[in-house]
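These are the residues of each chain, in order.
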Amino acid sequence: MKNFRIKTHGMKRGPLDWTLFILNGVSLAVMCLLVVYPFWMIVVKSMMSDLDIIQNKLALWPQAFQFSGYVAIFTDSVYNFGRAFFNSVLITVIDTVYQLAITVCTAYTLSRKNLPGKKFLLFYFVFTMYFGGGLIPYYLVIRDLGLRNKLAVMIIPSFLSVFNMLIIRSYFVGFPKDLEEAARIDGAGNAQIFLRIVLPLSGAILATIALFIAVGQWNNWYTAMLYITDLDKRPLAYALQVIIDKSRGSNDTIGGQVQVIGKSIQFAAIVVTIVPVMIVYPFFQKHFVKGVMIGSLKD
Amino acid sequence: MSGKSKIKKLGRTIWKNRFFYIIIAPAVVLLFIFAYKPMYGIILAFKDYNFRLGIWGSPWVGFANFKEIFEVDQFWISFRNTFIINILKLVVGFPAPILLAVMINAVRTKFIRSTVQTILYLPHFLSWVVITGIIFALLDSDGPIYELLTKLGLENANVLSDGNAALALVVLSDLWKETGWGAIIYLAALVGINPELYDAASIDGANTVRKFFSITLPCIMPTVSIMLILRVGGLVGGNFDQIYNLYNELIYDRIDVIDTFLYRYGVAAGRFAQGTAIGLFINLINITLLLIANKAVRLCGGEGMY
């Protein structure tokens with residue numbers, strides 16, 4: 001049946017349709033090249049010497065391979081990338097588990113029908129999407145809790161994204177009721193139903209949200225910039241930000257001066273930061289669509 | 001039923017559901033600390049903040065902080081820039097993912113389709129720190145774009161010291177980063193369209209363009225309107241990561257935005273009360289815009305968010 005449909009599509013194509021079809025393919029190919037090339041260039045240049053980088057502008061292939069940039073960021077204590085990499089892995093793993101657990105629990109409770117106080121609780125969460133204290137009152141709360149300059153500042157306050165919670169919630173709302181009823185007749189309690197039936201059947205959506213959380217945390221340099229000054233406590237994203245910022249002599253870096261940081265060092269730092277993301281995310285791709293169904297956010 | 005037995009019944013229902021209240025409790029407490037407590041801090045906007053006296057103890061000053069920030073030129077410049085940048089991003093960046101989704105949807109070969117998606121989604125998953133790092137590598141004098149501009153006769157073209165060029169860069173780099181990922185939601189909507197509609201149209205002799213306007217577009221309209229409301233609700237804010245990593249003093253007049261201004265003026269320079277006032281001002285404008293956009297979409301017959 002499906003094949004038949006595709007066939008009729010092909011047969012009915014007029015000259016305009018064919019032109020659009022070819023134009024479409026060519027445009028998509030060009031777009032893919034535009035996205036791939038910059039990454040290719042960075043990876044190639046990260047394996048070149050600073051002198052070669054200046055001469056080989058297009059950088060389709062290195063004149064000679066050398067890895068001094070990579071060696072520098074991991075051995076020079078100024079960059080401290082080994083430590084930063086470790087910090088980032090730690091923060092990302094812990095926060096993904098912590099945030100996912102809290103998000104799922106919240107979403108599950110808010111997906112219950114006829115739960116006393118549910119309307120108020122839902123409002124309590126959704127309200128914070130639209131209104132907040134703003135940067136400085138938030139900063140003062142973090143400061144007063146004594147979280148500055150602790151790795152915990154990267155984890156404890158990032159416990160929930162209401163947006164993610166609503167996505168999972170809408171999935172739970174659509175969860176078939178018969179399964180739950182059947183389990184209840186078999187004598188299962190609320191906790192058992194949640195842990196043994198609902199969670200195991202929510203793998204795809206949980207994987208997607210877990211990826212969103214993990215990537216967000218891996219890329220989080222902003223929290224670190226605001227609250228972490230200790231070199232040993234920097235996550236990778238912030239260590240990279242500092243390298244790029246310093247090499248350009250940004251006016252915003254407090255007490256910062258222009259530092260000569262070799263291009264190969266900068267590029268190696270970029271590559272080390274993006275490779276883990278590039279490796280992990282394609283595995284989650286088939287689940288993505290479930291994670292972005294904003295249309296189903298409404299009740 | 002008497003009031004007493006009603007309360008008793010409610011008590012029983014709550015006890016029966018205790019599991020649900022227990023698992024939501026951590027989130028309720030944490031949200032109180034990290035979202036509602038900062039809201040209390042908003043009163044700083046109306047105070048002369050003194051570290052020793054604390055938020056509550058500092059003296060009230062009415063609207064003096066607002067008056068002060070309204071007199072700072074860079075505040076209005078960054079306000080205007082935020083608006084311009086977001087409008088440009090809306091005009092260019094809003095239709096792009098819709099078009100891309102239609103384009104990807106037209107590809108019938110599964111392998112090509114998913115490869116294209118994998119490639120085009122990638123930039124979304126990287127931070128602006130990485131993307132700006134790559135942008136610098138392209139634009140610096142040892143990069144290919146600089147080379148290209150030189151060959152085109154634009155010698156010593158420095159995009160990062162020319163306000164208008166930087167503005168274009170901000171819009172285009174955002175397009176580059178987010179169009180692919182933005183398409184996914186429309187792709188989901190496109191997959192949901194009943195294929196029989198297209199077959200019927202084919203039999204009636206409709207071509208690709210006709211099918212797009214008569215079937216595709218009307219079918220994804222609900223998704224489009226919700227995305228539009230969300231975008232309008234953020235017109236006067238955002239872009240911190242992108243701008244902060246990209247800008248420099250030379251181009252403050254064109255691409256400094258409210259959030260970066262707030263960071264420099266309020267946080268880095270320690271003007272906490274004035275910074276709080278800026279934050280409150282922007283938040284109120286955005287809520288207003290969101291409500292207007294929602295109302296407008298509803299008046300036009302579309303589905304609002306609430």
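Residues numbered from 1 in each chain as written. Chains lettered and ligands numbered in written order. Predicted model: local features only at pLDDT ≥ 70, side-chain atom pairs only at ≥ 80, totals over all residues. Heavy atoms only, no water.

## Comments concerning the domain arrangement of chain A
All names here are of chain A.
Point 1. Along its sequence, chain A is carved into domain 1 (2-66) and domain 2 (73-297).
Point 2. Together domain 1 and domain 2 conceal approximately 680 Å² of surface at their shared face, both sides included; 82% is due to carbon and sulfur atoms.
Point 3. In terms of surface lost to domain 2, no three residues of domain 1 exceed I42, S46 and D50, which account for 58% of the buried area on that side.
Point 4. Listing elements by their share of the side of domain 1 that touches domain 2, those giving two or more residues are α2 (15-46) and α3 (50-55).
Point 5. Per-element tally for the side of domain 1 that touches domain 2: the top contributor is α2, with 5 residues. (Domains from an automatic or database assignment. Buried area = accessible area lost by both parts, 1.4 Å probe. Helix = DSSP H or I, 4+ residues; strand = E, 2+ residues; numbered from the N terminus.)

## Brief notes about the interface of chain A and chain B
Point 1. Taken together, the 93 residues of chain A in the interface contact 103 residues of chain B.
Point 2. Summed over both partners, the interface of chain A with chain B comes to about 8,800 Å²; 74% of that surface belongs to carbon and sulfur atoms.
Point 3. We note a salt bridge from E147(B) to K57(A), for which the minimum N-O separation is 3.5 Å.
Point 4. At 17 residues, α2(A) tops the list of elements feeding residues into the side of chain A that touches chain B.
Point 5. When grouped by side-chain class, the residues that make up the side of chain A that touches chain B number 67 nonpolar, 15 polar and 11 charged. (Contact = heavy atoms within 4.5 Å. Salt bridge = Lys/Arg side-chain N within 4 Å of Asp/Glu carboxyl O. Nonpolar A, V, L, I, M, F, W, Y, C, P; charged D, E, K, R; others polar.)

## Quick word on unusual backbone geometry
Trans peptide bonds make up the majority, and among non-glycine residues the majority have a negative phi.
All names here are of chain A.
Point 1. You will see that N80, though not glycine, has its phi angle at about 55 degrees, which is positive.
Point 2. Its location among the elements puts N80 in the loop between α4 (68-75) and α5 (81-110).
Point 3. Given the relative accessible area of 17%, N80 is considered buried.
Point 4. Residues other than glycine seldom take positive phi values, yet N149 does so here, at roughly 65 degrees.
Point 5. Positionally, N149 belongs in the loop between α7 (135-144) and α8 (162-173).
Point 6. You can call N149 partly exposed: its relative accessible area is 23%. (Buried < 20%, exposed > 50% of the residue type's maximum accessible area, 1.4 Å probe, protein only.)

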